[in-house]
Amino acid sequence: MLNYALIVAAALAGIILFDDDPTSVSIQEWILFAVMIYAAASFMRLHRRK
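These lines cover the structure that appears in this document, whether it is placed above or below. (Residues numbered from 1 in each chain as written. Predicted model: local features only at pLDDT ≥ 70, side-chain atom pairs only at ≥ 80, totals over all residues. Heavy atoms only, no water.)

As for the overall build of the chain
Line of reasoning, step 1. Counting its regular elements, the chain contains two helices and zero strands.
Line of reasoning, step 2. By the compact-globule yardstick of 10 Å for 50 residues, the chain is too spread out, its C-alpha radius of gyration being 13 Å.
Line of reasoning, step 3. Projected onto its principal axes, the C-alpha positions of the chain cover 40 × 15 × 10 Å.
Line of reasoning, step 4. A buried classification covers 16% of the 50 residues belonging to the chain.
Line of reasoning, step 5. Total accessible area computed for the chain in this model is approximately 4100 Å², and 72% of it derives from carbon and sulfur atoms.
Line of reasoning, step 6. Taken as two groups, the 4 positive and 4 negative side-chain charges of the chain have centres that lie 33 Å from each other. (Helix = DSSP H or I, 4+ residues; strand = E, 2+ residues; numbered from the N terminus. Rg over C-alpha atoms; globule rule 2.2 N^0.38 Å. Buried < 20%, exposed > 50% of the residue type's maximum accessible area, 1.4 Å probe, protein only. Areas by Shrake-Rupley, 256 points an atom, 1.4 Å probe, with all protein chains shown as cover. Lys, Arg positive; Asp, Glu negative; His and termini not counted. Charge placed at Lys NZ, Arg CZ, Asp CG, Glu CD.)

Focus on the packing of aromatic side chains
Line of reasoning, step 1. Applying the stated criterion to the full structure yields two aromatic pairs.
Line of reasoning, step 2. For the pair Tyr4 and Phe43, a centre-to-centre distance of 6.5 Å together with 70 degrees between the ring planes defines the contact as edge-to-face. Taken together, the positions of Tyr4 in helix 1 (residues 2-18) and Phe43 in helix 2 (residues 27-49) put the pair 39 residues apart, joining distant regions of the chain.
Line of reasoning, step 3. The exposure class assigned to Phe43 is partly exposed, which follows from its relative accessible area of 28%.
Line of reasoning, step 4. When the ring of Trp30 is compared with that of Phe33, the centres are 6.3 Å apart and the planes differ by 75 degrees; the resulting orientation is edge-to-face. Here Trp30 pairs with Phe33, and both are found in helix 2, just three residues apart, close to one helical turn. (Phe/Tyr/Trp six-rings, centres within 6.5 Å; stacked < 30°, edge-to-face > 60°.)

Details of the packing of helix 1 against helix 2
Line of reasoning, step 1. As a packed pair, helix 1 and helix 2 sit with axes 9 Å apart at the nearest point and diverge in direction by 165 degrees. With respect to helix 2, the element helix 1 is oriented roughly antiparallel. Where helix 1 crosses over helix 2, the handedness of that crossing is left-handed. Residues Tyr4, Ile7, Val8, Ala11, Leu12, Gly14, Ile15 and Phe18 of helix 1 form the contact with helix 2, whose participating residues are Gln28, Glu29, Leu32, Phe33, Val35, Met36, Ala39, Ser42, Phe43 and Leu46.
Line of reasoning, step 2. When the residues that make up the contact of helix 1 with helix 2 are grouped by side-chain class, the tally is 14 nonpolar, three polar and one charged. (Axes fitted to C-alpha atoms, helices over the stretch in contact; angles between N-to-C directions. Parallel < 35°, antiparallel > 145°, perpendicular 65-115°, else oblique. Left-handed = near helix turned anticlockwise from the far one by under 90°. Contact = heavy atoms within 4.5 Å. Nonpolar A, V, L, I, M, F, W, Y, C, P; charged D, E, K, R; others polar.)

Let's talk about a nonpolar patch on the surface
Line of reasoning, step 1. A grouping of Ile7, Val25, Ile27, Trp30, Ile31, Phe33, Val35 and Ile37 is seen on the molecular surface, where their side chains present a nonpolar patch of about 750 Å² in accessible area.
Line of reasoning, step 2. No other element matches the six residues that helix 2 contributes to the nonpolar patch.
Line of reasoning, step 3. Looking at the secondary structure, you find Val25 in the loop between helix 1 and helix 2. (Patch = residues over 30% accessible without salt bridge, like charges linked within 9 Å, V, L, I, M, F, W, Y side chains within 5 Å. Salt bridge = Lys/Arg side-chain N within 4 Å of Asp/Glu carboxyl O.)

In short, shape yes, function no, at least from these values alone.
Right, here's the structure in full:
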């Protein structure tokens, strides 16, 4: 479970680093957001099985 939290934290840090223009969203930010959603969904699936 810790690895999902670390993935989300790394993606969040990447989004902050790639944020050059606060008025628009870059493709890198969208990809990292998708990674965050995937990690959250994987965590929920794992949590639901237990």
